[in-house]
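Letter by letter, the chains look like this.
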Amino acid sequence: MTIPFPEYPRPQMRRDNYTILNGPWSYAVSGSVTEPSAYEGTILVPYSPESPLSGVGRTLQPGEYLHYRRTLPLSGEEIARNLKEGKRLLLHFGAVDERCRVYINGKFAGEHRGGYLSFTIDMTAHLKTDGAENAVHVVVRDDSDTSFHSRGKQKLSPGGMFYSAQSGIWQTVWMEWVPDNYISSLRITPHLESELLELTVYDTPADARLSRFGSHDRADAIGRIFVDDPESSEGRREIHRFYLHTGDRVYVRVADPHPWTPEDPFLYTLTVEMGSDIVESYFGMRSFTAGKDAHGIPRFCLNGKPYFANGVLDQGYWKEGLMTPPDDRAMIEDIRRVKGLGFNMLRKHVKIEPARWYYHCDRLGMLVWQDAVNGGGVYDMNFLCNMPNLISPTQKMIRDDGEDRYPRFARSDPEGRQEYLQELTQMVDQLYNAVSICTWVPFNEGWGQFDARKAERIVKSLDKTRLVDHASGWFDQGAGDYRSVHNYFHPLSVKPESRIYALTEYGGYSRIVPGHGEKNGMSAYRRFDSEMEITEAFSKTVRRSILPNIAKGLSATVYTQLSDIEEEVNGLYTYDRQVLKINGKALRRLNRMLEQAFRDAVR
């Protein structure tokens, strides 16, 4: 059979020696963490058991354990040869929702918490070397929306703006042999204005510390930077070679840099060689800053110049795979669809995607606003949604800090608050090298929000190269780089701000296309029956609300949303991505008008 997602899963840390472990695994659901004596059937990894593509179609309930098992494609000869050479065997998981323990040949090898984050298990010490089968057992527990753990839009009883819960392995699993001392991670920071690339290479010990850069004859690693060159036999040309120690921060000159933009997404290839370990990566020379236009109005700036970020809300759900797209091509096509309609930004909504999604945004040219994944207890939607939507002055009146305020936002549990901050830190670290991410969004519409000013400081301490929208929508605490507004019902009125003014959700216009939805229910802000009606409504919003406010400071917009999802039918596309529900030519024309209006306003 065809193995799902055969592509290398981590394009900014690519090795040649790897084995994709997607495909059929045995599965069982039980009430115990102990491995069952018999399995119920086969599940197609990396699709969650709740998704049609998994072949299972079963929802994991709180208190249940989902067990996975498969033998590893390893021969005794391969293991003996690699161990003799002093190598390690690493097992990588793109994401497992939401807590798991991993056993190799019945022996505990590691555990992980955080259903949207990647992790690695070193299997070396647990391998059988006598030629017998080697097997991996993964046991998963997922409390979904019954606990404070990060869950995004998942809900055991879905409806409206919340969608079907999922569990288990939902991103690629793979293994690779590495040397005993291997490259564990890279930290890549472009400095466009100073024409420098800042790079740190970390090796196996996680406690490497920054030190003074030494001479090349004592270096641990060699770095090379390439550009595409069709006249070269290799298709690329080396433009710089440098030497470094692991753990050191080294600055490499990139003379006359080619800036990355959505219109010209130029990427440099980077390879790092440490002994026998070679990884291939890439980077883009770009900068994201808050600046002012010629009239002193705060603006989002790309590469030092005001830039209108015209985006679409992207929830990353699929009819066939829930949070897992059907294949790599599906991710590419979503980005191309949005780009083809004249948008230049996607707001990735309360979800962390596989690394390849960010790679496609990097290479195709799409800015990304990255949300953290929300958690917390049971949300009071009257307080968190209805009140601020209908009574907009409340959006700036309510504080989110202090023990007496945490319950309002479903954040009473101190363990849950600490877990969120840990995962926020891990998200920034995991996605730091993505060229396209320009803005971090710690909280959305108060869902599990707490201490947003503190969260903004944490993110800024981790990443000084990007902007922060600390509280998207409402419950603004006065921090971050944006005055971030969600507006579905009121006339938009932009007033002078010390921060960038961004309309981070609007629209939500709905149209049902028979035969292309999923459920009988319908969740929408405004409903239309034809392509002409929904196109006219969008045009009126642009002409009457958005265009007049650009000169007053409006610098970014996010239309809700890319596609329909279950009961929510306010997508530009249907859930199956087969029908564009709005007139494409008209939409592209309106987006060109927005770009021109912004260029005129900032001059």
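On inspection of all chains with the given rule, the structure shows 29 aromatic pairs. When the ring of Tyr8 is compared with that of Trp174, the centres are 6.0 Å apart and the planes differ by 70°; the resulting orientation is edge-to-face. Separated by 166 residues along the polypeptide, Tyr8 in the segment before β1 (19–20) and Trp174 in strand β14 (residues 173–179) bring together distant segments of the chain. For Tyr8, a relative accessible area of 2% corresponds to the buried category. Taking relative accessible area as the criterion, Trp174 reaches 5% and is therefore assigned buried. Taking the centre distance of 5.6 Å and the plane angle of 75° together, the rings of Tyr420 and Phe450 count as edge-to-face. Placement of Tyr420 in helix α5 (residues 414–431) and of Phe450 in the loop between β28 (437–441) and α6 (452–462) is noted, with a sequence separation of 30 residues between them. Residue Tyr420 is classed as buried on the basis of its relative accessible area, which comes to 4%. In this structure Phe450 comes out as buried when scored by relative accessible area, which is 2%. One residue, Arg466, lies across the ring of Tyr432, its end atom 5.6 Å from the ring centre.

Here the focus is the environment of Val29. Relative to the helices and strands, Val29 resides in strand β2 (residues 23–30). The exposure class of Val29 is buried, given its relative accessible area of 15%. For the pair Val29 and Pro326, spaced 297 residues apart in the sequence, the C-alpha separation amounts to 24 Å. Residue contacts for Val29: discarding those within four places in its chain leaves Glu40, Arg58, Leu60, Glu64, Tyr65 and Leu66.

What follows concerns the side chain of Glu78. Structurally, Glu78 can be placed in helix α1 (residues 76–84). Buried within the structure, Glu78 lacks any salt-bridge partner; its nearest side chain of opposite charge belongs to Arg81, at an N-O separation of 5.3 Å. A distance of 2.9 Å separates the side chain of Glu78 from the side chain of Trp177, its partner in a polar contact. Setting aside chain neighbours within four positions, we find Glu78 in contact with Pro73 and Trp177.

Ordered by their spatial adjacency, 8 strands build an open sheet running β29-β28-β27-β26-β25-β34-β31-β30, and the pairing between neighbours is parallel. Two strands close off the open sheet at either side, each with one partner strand: β29 (467–468) and β30 (482–487). Across 4 bridges, the pairing between strand β25 (residues 309–314) and strand β26 (residues 345–348) is parallel. Counted as the bridge partner of Val312 is Leu346 from β26. Along the sheet, helix α3 (residues 355–364) makes contact with β25, β26, β27 (367–371) and β28, crossing β27 at roughly 150°. Most of the contacts of α5 go to β28, to which it runs at about 175°, and overall it touches β27 and β28.

So, how was this worked out
Residues numbered from 1 in each chain as written. Predicted model: local features only at pLDDT ≥ 70, side-chain atom pairs only at ≥ 80, totals over all residues. Heavy atoms only, no water. Phe/Tyr/Trp six-rings, centres within 6.5 Å; stacked < 30°, edge-to-face > 60°. Helix = DSSP H or I, 4+ residues; strand = E, 2+ residues; numbered from the N terminus. Buried < 20%, exposed > 50% of the residue type's maximum accessible area, 1.4 Å probe, protein only. Lys NZ or Arg CZ within 6 Å of the ring centre and 35° of its normal. Contact = heavy atoms within 4.5 Å. Lys, Arg positive; Asp, Glu negative; His and termini not counted. Salt bridge = Lys/Arg side-chain N within 4 Å of Asp/Glu carboxyl O. Polar contact = N/O pair within 3.5 Å; in protein donor to acceptor, adjacent residues only side chain to side chain. Pairing = 2+ DSSP bridges. Axes fitted to C-alpha atoms, helices over the stretch in contact; angles between N-to-C directions.

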